[in-house]
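Observations on the three-dimensional arrangement
As a plain string of letters, each chain reads:
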Amino acid sequence: MASTSNPDPELVRRMCEVIVHRGPDGAGFHSDEGVALGMRRLAIIDVATGDQPVYNEDRRIVAVFNGEIYNFGELREMLIAKGHHLRTAGDSECLVHLYEEFGEDLVHHLRGMFAFAIWDRDHRRLVLARDRVGKKPLYWRSDHSSIWFGSELKSLTRDPGMSREVDPVALDHYLTYQYVPAPWSIYQGVHKLPPGHVLVWEGGTVTVDRYWELDRRQRSVVDPREEEQRLRELLLDATRVRMVSERPIGAFLSGGVDSSAVVAAMAMQSSNPVKTFCIGFEDSRYDERHKARMVADRYATDHHELVVTSNLLDILPRLAWHFDEPFADSSAIPSFYVAQLSRQHVTVALNGDGGDECFGGYQRYALMNQARRIPVVPGPLAGLLSRSGTLMSQRSASRSLSRRLGRLMTFVAAHPSQRYARLMSYFTPEQRAEIYSDSLREALAGVDSYRLLEDIFHGSSAKTDLGRVLDVDTFTYLPGDLLVKVDITTMANSLEARSPFLDHHIMEWAATLPSALHVRNGQTKMLLKRAVAPWLPPQLLRYPKQGFGVPLAAWLRGELRDLVFDALTDDTARGRGLFRPSAVQELLRRHMDGVDHSVRLWALLQFELWNRAHAVPDDTVVSEAGCHA
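My aim in this report is to walk through the structure given alongside it, one point at a time. (Residues numbered from 1 in each chain as written. Predicted model: local features only at pLDDT ≥ 70, side-chain atom pairs only at ≥ 80, totals over all residues. Heavy atoms only, no water.)

A separate point is the overall build of the chain. Along the chain, the regular secondary structure elements total 27 helices and 16 strands. Counting across all 629 residues of the chain, residues that qualify as buried make up 61%. Considering only intrachain contacts with a sequence separation of at least 6, the fraction spanning at least 24 residues in the chain is 71%. Total accessible area computed for the chain in this model is approximately 24400 Å², and 50% of it derives from carbon and sulfur atoms. (Helix = DSSP H or I, 4+ residues; strand = E, 2+ residues; numbered from the N terminus. Buried < 20%, exposed > 50% of the residue type's maximum accessible area, 1.4 Å probe, protein only. Contact = heavy atoms within 4.5 Å. Areas by Shrake-Rupley, 256 points an atom, 1.4 Å probe, with all protein chains shown as cover.)

Given below as structure tokens:
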């Protein structure tokens, strides 16, 4: 179910009782009454014989698959020992035989990233599954008599019977968090299968069950040095299995601890220099190339760099087309460029994604850890403190002391269960209510986007606030933002991304560590930094975390000024009836006057660009080449 750039006009085909559909490369399957479709997948393993769909011996079980199963060699040996006959040398065919042995429980035997569909002809059963953390996407919708599914929303929208009406709840979540979280999609009636879940469609009935979650009950640690050694062993192993490829392989190297550790692990297990790729900016506040060079020099990698100077007016319509839903993480821009740079040299790139969520790398984790000492503020005082903090933040420049103070006031005023949700939000409830039209506010009556994070926080098995927010990020921010960004931008460039830190063996082991080994006294990622210290330049570990940021506020006041004004205030945008024009105009005015509203304007801009790329009449052809106004 790999994403591609060219939509196929014949994407949706009725197959027996099931409409089986995936991504714009037109794959599908059905029982013997019809003709099976082929499948195009980014060929990394078993290039010669890895075509899809794949069948069991009597063709009663058939599957299509997106991703990589890293333990397929062990699975093949086990299946052959049990008497199964495998025609190919790759990973896809393992699925149908594992299903014969274990049914839907086959997911517990898989190590890797995957989204797959299995059709069981005898039982008239369709099984959809998504990997544990959601590296590969999977959308679906059902009217009980039929079911549609795909890796990309643009594939489902080629069905003329599907409504393209925006789901107001999904829009509310998007403006809160800058992405649409599972199980919602931006369209009413279309769902994302959440990470770590299996869907079974049988007899017109859909059941969705969770098969994996982290056990965050902490174990005792006698000697931290033993844990450091164990982490090095796990990371080396997770990196090793992800270096298996019949195509050229390299790594993203940002200069942060996580990607640097992965490059080190690759270099120690490779007979050739590792190919590394880094993106930089002319603005030194966002440029980390000097850090990446330290690691590249230490391991003598074949290092490649690119300074982002391309015309943003060219890249934004392309990104709007590739992202099937509104997506407002501005780091998608450098992510696209580093994928584009990498694809000139390799077909597979390893990265450091997941290190922060596994080992407590964000500064907000340190803040939550310290906030456990803050008593709950009484109701009337909490309201006053929250309103004052919000007002101060709104009227302050980016990265200013007053803005940080305002956010701190709002944070302190919130109940502990809401603090993290507020930290992660971009539009507060008050700000959303201010820009919504009367009809949209009415449609969202009683909806609370913070509940999404609060419910996960309270349902976590962790006994500390730090463990609970790690759970929240693992189930929301990681799959909804970071992994979507990487999957879309790499697949748009026919590049496969692999993430050693997201190996479930590492994740399950890290989840049971005491919180003090992750964050202590304001310091983040304690154990990981100590574990990889022998691998990395000492000064690299002392740099503060920088992230993959862009000069967004300056862009919106500079080269994107005309675009953001035109896109958000013209008749097309006003005609949607979702936002109050005067409130949007006020946001624009205040930002141009020096008050930073860049993340909110960016979210509104990306929503509008998405509309112009995707939410168009069914007879209008939209492609990567451009977006319709």
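Structure shown, so let's carry the discussion forward.
Looking at helix H1 (residues 72-81), one finds that the buried residues are Phe72, Leu75, Arg76 and Leu79. Mapping the buried residues of H1 onto a view down its axis gives an arc of 100°, with all of them on the same face. For H1, the exposed residues set more than 90 degrees away from the buried face come down to Glu74, Glu77 and Ala81. Where H1 is buried, its residues contact strand E4 (61-69) and helix H2 (94-102). Of the residues trailing H1, Gly83 is marked for its positive phi of about 100°. (Arc of directions from axis to C-beta.)

Among the secondary structure elements, Gly256 is positioned in the loop between strand E12 (249-252) and helix H6 (257-267). Residues Gly256 and Ala292, 36 residues apart in the sequence, show an inter-C-alpha distance of 7.6 Å.

Bringing the nonpolar core into the picture now. One finds Phe116, Leu175, Phe359 and Phe579 to be the most contacted residues of the largest nonpolar core, which totals 170 residues. Examining the composition of this core, we find that 9 residues originate from one element, helix H27 (residues 598-614), more than from any other. Every residue in contact with Phe579, bar those within four places of it in the chain, is listed here: Leu171, Leu175, Ile435, Tyr436, Ser437, Leu440, Val584, Leu604 and Phe607. Grouped together as the second largest cluster of nonpolar side chains are 15 residues, Ala115, Leu126, Ile147 and Trp201 included. (Core = buried A, V, L, I, M, F, W, Y, C linked by side-chain atoms within 4.5 Å.)

As a further point, take the sheet that holds strand E11 (residues 205-210). With antiparallel pairing, 6 strands are arranged side by side in an open sheet as E3-E4-E5-E6-E10-E11. The two strands at the open ends of the sheet, each matched to only one other strand, are strand E3 (54-55) and E11. Where strand E5 (residues 112-120) meets strand E6 (residues 125-130), 6 bridges bridge the pair, whose relative direction is antiparallel. When the sheet's bridge partners are listed, Ile118 is paired in E6 with Val127. (Pairing = 2+ DSSP bridges.)

Attention now moves to the packing of helix H14 (residues 416-424) against helix H17 (residues 450-459). Where H14 meets H17, the closest approach of the two axes is 9 Å, and the angle between their N-to-C directions is 130°. Relative to H17, H14 is oriented oblique. Considering the relative orientation of H14 and H17, their crossing is right-handed. Counting all contacts with H14, which are made through Pro416, Ser417, Gln418, Tyr420, Ala421, Arg422 and Met424, the residues of H17 involved are Tyr450, Leu453, Glu454, Phe457 and His458. (Axes fitted to C-alpha atoms, helices over the stretch in contact; angles between N-to-C directions. Parallel < 35°, antiparallel > 145°, perpendicular 65-115°, else oblique. Left-handed = near helix turned anticlockwise from the far one by under 90°.)

What follows concerns the packing of aromatic side chains. All chains considered together, the criterion is met by 12 aromatic pairs. A ring pair is formed by Phe359 and Phe501, whose centres lie 6.2 Å apart and whose planes are at 75°; its orientation type is edge-to-face. Residue Phe359 is found in helix H10 (residues 355-359), and its partner Phe501 is found in the loop between strand E16 (496-498) and helix H20 (504-511); the two are separated by 142 residues along the sequence. In this structure, Phe359 and Phe501 share a single accessibility class: buried. Through successive ring pairs, a cluster of aromatic residues spans Tyr174, Tyr187, Tyr436, Phe579, Phe607 and Trp610. One residue, Arg59, lies across the ring of Tyr55, its end atom 3.7 Å from the ring centre. (Phe/Tyr/Trp six-rings, centres within 6.5 Å; stacked < 30°, edge-to-face > 60°. Lys NZ or Arg CZ within 6 Å of the ring centre and 35° of its normal.)

The element E5 is extensively covered by neighbouring structure, given that 8 of its 9 residues are classed as buried. Pairing of E4 with E5 involves 9 bridges; the strand directions are antiparallel. Within E5, the position partnered with Ile69 by the bridge is Gly112. Hairpin connection between E5 and E6: a loop of 4 residues separates the two successive antiparallel strands, and Arg124 in this loop has a positive phi of roughly 50°.

On to the sheet that holds strand E13 (residues 275-280). Taken together, the 5 strands give an open sheet; going across it, the order is E14-E13-E12-E15-E16, and neighbouring strands pair in parallel fashion. Two strands in the sheet have a free side with no partner beyond their single neighbour: strand E14 (302-307) and E16. Strand-to-strand twist across the sheet, computed as the mean angle between neighbouring axes with direction ignored, equals 30°. Taken together, the 3 bridges between strand E15 (residues 348-350) and E16 define a ladder with parallel strand orientation. Bridge pairing in E16 places Ala349 opposite Ala497. Strand contacts of H6: E12, E13 and E15, with the helix running at about 155° to E12, the strand carrying the most contacts.

Within the secondary structure, Ala300 is located in the loop between helix H7 (289-298) and E14. Sequence spacing of Ala300 and Lys275 is 25 residues, and the spatial spacing of their C-alpha atoms is 9.5 Å.

Let's shift gears to the pairing of E11. As paired strands, strand E10 (residues 197-202) and E11 are joined by 6 bridges and run antiparallel to one another. Across the sheet, Leu199 pairs through a bridge with Val208, a residue of E11. Linking E10 to E11, which pair antiparallel, is a turn of 2 residues; within it Gly203 sits at a positive phi near 60°.

Below, the discussion takes up the pattern of salt bridges. One pass over the full model with this rule turns up 37 salt bridges. Across the salt bridge formed by Arg230 and Glu233, the nearest N and O atoms sit 3.4 Å from each other. Pair noted here: Arg230 and Glu233 are both in helix H5 (residues 224-241), with a separation of 3 residues, about one helical turn. The class of Arg230 is partly exposed, set by a relative accessible area of 37%. Taking the relative accessible area as the measure of exposure, Glu233 reaches 38% and is therefore partly exposed. Three or more residues joined by partner-sharing salt bridges are found here, namely Arg111, Asp237, Arg240, Arg242 and Asp503. (Salt bridge = Lys/Arg side-chain N within 4 Å of Asp/Glu carboxyl O.)

Working note: a packed helix pair is described by the angle between its axes plus the distance between those axes. For the pair helix H8 (residues 312-322) and helix H9 (residues 332-343), interaxial distance at closest approach is 11 Å and the crossing angle is 90°. Between H8 and H9, the angle falls in the class roughly perpendicular. Facing Leu312, Ile315, Leu316, Arg318, Leu319 and His322 of H8, the residues of H9 in contact are Ala332, Ile333, Phe336, Tyr337 and Gln340. Considering only residue class, the contact of H8 with H9 consists of 8 nonpolar, 2 polar and 1 charged. (Nonpolar A, V, L, I, M, F, W, Y, C, P; charged D, E, K, R; others polar.)

What follows deals with helix H19 (residues 477-491). End to end, H19 covers 20 Å across 15 residues, agreeing with the expected 21 Å (1.5 Å per residue, within 8%). Of all the bends in H19, the greatest measures close to 35° and is centred on Leu483. Counted residue by residue, H19 has 14 buried out of 15 residues, so it is predominantly covered. (Expected span 1.5 Å × (residues − 1). Bend = angle between axes of the 7 residues up to and from the residue.)

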